[in-house]
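# Observations on the three-dimensional arrangement
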Amino acid sequence: MKRVFDQDLLQRRVQNAQRRQTEPDFLWSRIAETLRDRLYDIKRDFPQVAEIGWYNGVIDDTLHQAKKIDTLQTLTPFMAENGILPFIPQTLDALVSCGVLHWSDDPQLMLKQYFFALKQDGVFVGSVMGGETLHELRTVLAETETELYGGLSPRVSPMINVQDLAGLMQQTGFALPVVDYDRITVTYKDLGSLLKDLRSTGRTNILQQRSKRPVSKKFWQRAEEIYRRDFADERGRLVVTLDVIYLLGWAPDPSQPQPKARGSATVHLGEALGRV
């Protein structure tokens, strides 16, 4: 497996961030609430559940009681050995994954493990950062490095998009897959505040191919000038885009709605659209 991320460095940074942070950040709280709401909306109980993420807590006490959860496993990606998580096949009624796929060297392998851990008609709900997340910062750092150093190195992680995730869900075998996203726009008074927030969650550059060259004060000063020139709002605050992609899919079961066979329609499409 090609190693895209330095997983050892990620583990150290996340664990250090968790020791310093007394409560989840605003983004995590919003994501957890959304995942929780989607589980509430599913009209069934979940006796056997697993939650995997950097911050466990999507399954709170209220949801635990409402869905009559008997057993809850809480895992982090660091529990994987050679990329393999300790799931027993076909044992889970529900599996929740929060922010894990973005940092996986092989997202499809992770999805396959989720899929095979589910019982028939078991449900998977998840979230991942993707799309246009941090595209402003990526653009600014690329221009700054090119201008000052005459070259480029990867400084912001690659982001998976909605279409690719939808394809991976289908290829993995999930039934009735749903993939959508929530675009969140936040602003910061300066670049230092943005970088401080990223460091506080341990999510700074952990790419294997990252540059090891020390970054000068001049680099960050120029980066802030470019950011303000290209991505500041009317108040002079720096705009940051965050795209949270949400996933939902089921392990196949005969009781689920099935698509009709091709050619079985009895109404012409034009009639249905009122155009005939």
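Up top is the structure.
Notes on the structure in this doc start here.

Rules used in this analysis
- Residues numbered from 1 in each chain as written.
- Predicted model: local features only at pLDDT ≥ 70, side-chain atom pairs only at ≥ 80, totals over all residues.
- Heavy atoms only, no water.
- Helix = DSSP H or I, 4+ residues; strand = E, 2+ residues; numbered from the N terminus.
- Contact = heavy atoms within 4.5 Å.
- Polar contact = N/O pair within 3.5 Å; in protein donor to acceptor, adjacent residues only side chain to side chain.
- Axes fitted to C-alpha atoms, helices over the stretch in contact; angles between N-to-C directions.
- Parallel < 35°, antiparallel > 145°, perpendicular 65-115°, else oblique.
- Left-handed = near helix turned anticlockwise from the far one by under 90°.
- Salt bridge = Lys/Arg side-chain N within 4 Å of Asp/Glu carboxyl O.

## Quick word on the environment of Cys98
The residue Cys98 is located in strand S3 (residues 92-98) in this model. Note: C-alpha distance between Cys98 and Gly126 (28 residues apart in sequence) is 5.5 Å.

## Observations concerning the environment of Asp45
Of note, Asp45 is situated in the loop between helix H2 (26-40) and strand S1 (48-53). Considered as a pair, Asp45 and His64 are 19 residues apart in the sequence and their alpha carbons are 9.6 Å apart. Beyond its immediate stretch of four places on either side in the chain, Asp45 contacts Ala66, Lys67 and Lys68.

## A word on the side chain of Ser104
Relative to the elements of secondary structure, Ser104 occurs in the loop between S3 and helix H4 (107-117). Reaching out from Ser104, the side chain makes a polar contact with the backbone nitrogen of Asp106 at a distance of 3.1 Å.

## Considerations on the packing of helix H5 (residues 135-149) against helix H8 (residues 217-231)
Two elements in contact, H5 and H8, have axes separated by 9 Å at closest approach and are oriented at 130 degrees. Between H5 and H8, the crossing angle belongs to the class labelled oblique. For the element pair H5 and H8, the recorded crossing hand is right-handed. When H5 is examined against H8, the residues His135, Glu136, Leu137, Thr139, Val140, Leu141, Glu143, Thr144, Glu145, Glu147, Leu148 and Tyr149 are found in contact with a partner set consisting of Lys218, Phe219, Trp220, Arg222, Ala223, Ile226, Tyr227, Arg229, Asp230 and Phe231.

## Section: the pattern of salt bridges
Scanning all chains against the criterion turns up twelve salt bridges. Between Arg38 and Asp180 there is a salt bridge whose closest N-O contact spans 3.1 Å. With a gap of 142 residues between them, Arg38 in helix H2 and Asp180 in strand S5 (residues 175-188) connect regions that are remote in the sequence. Salt bridges sharing partners connect three or more residues here, namely Glu143, Arg229 and Asp230.

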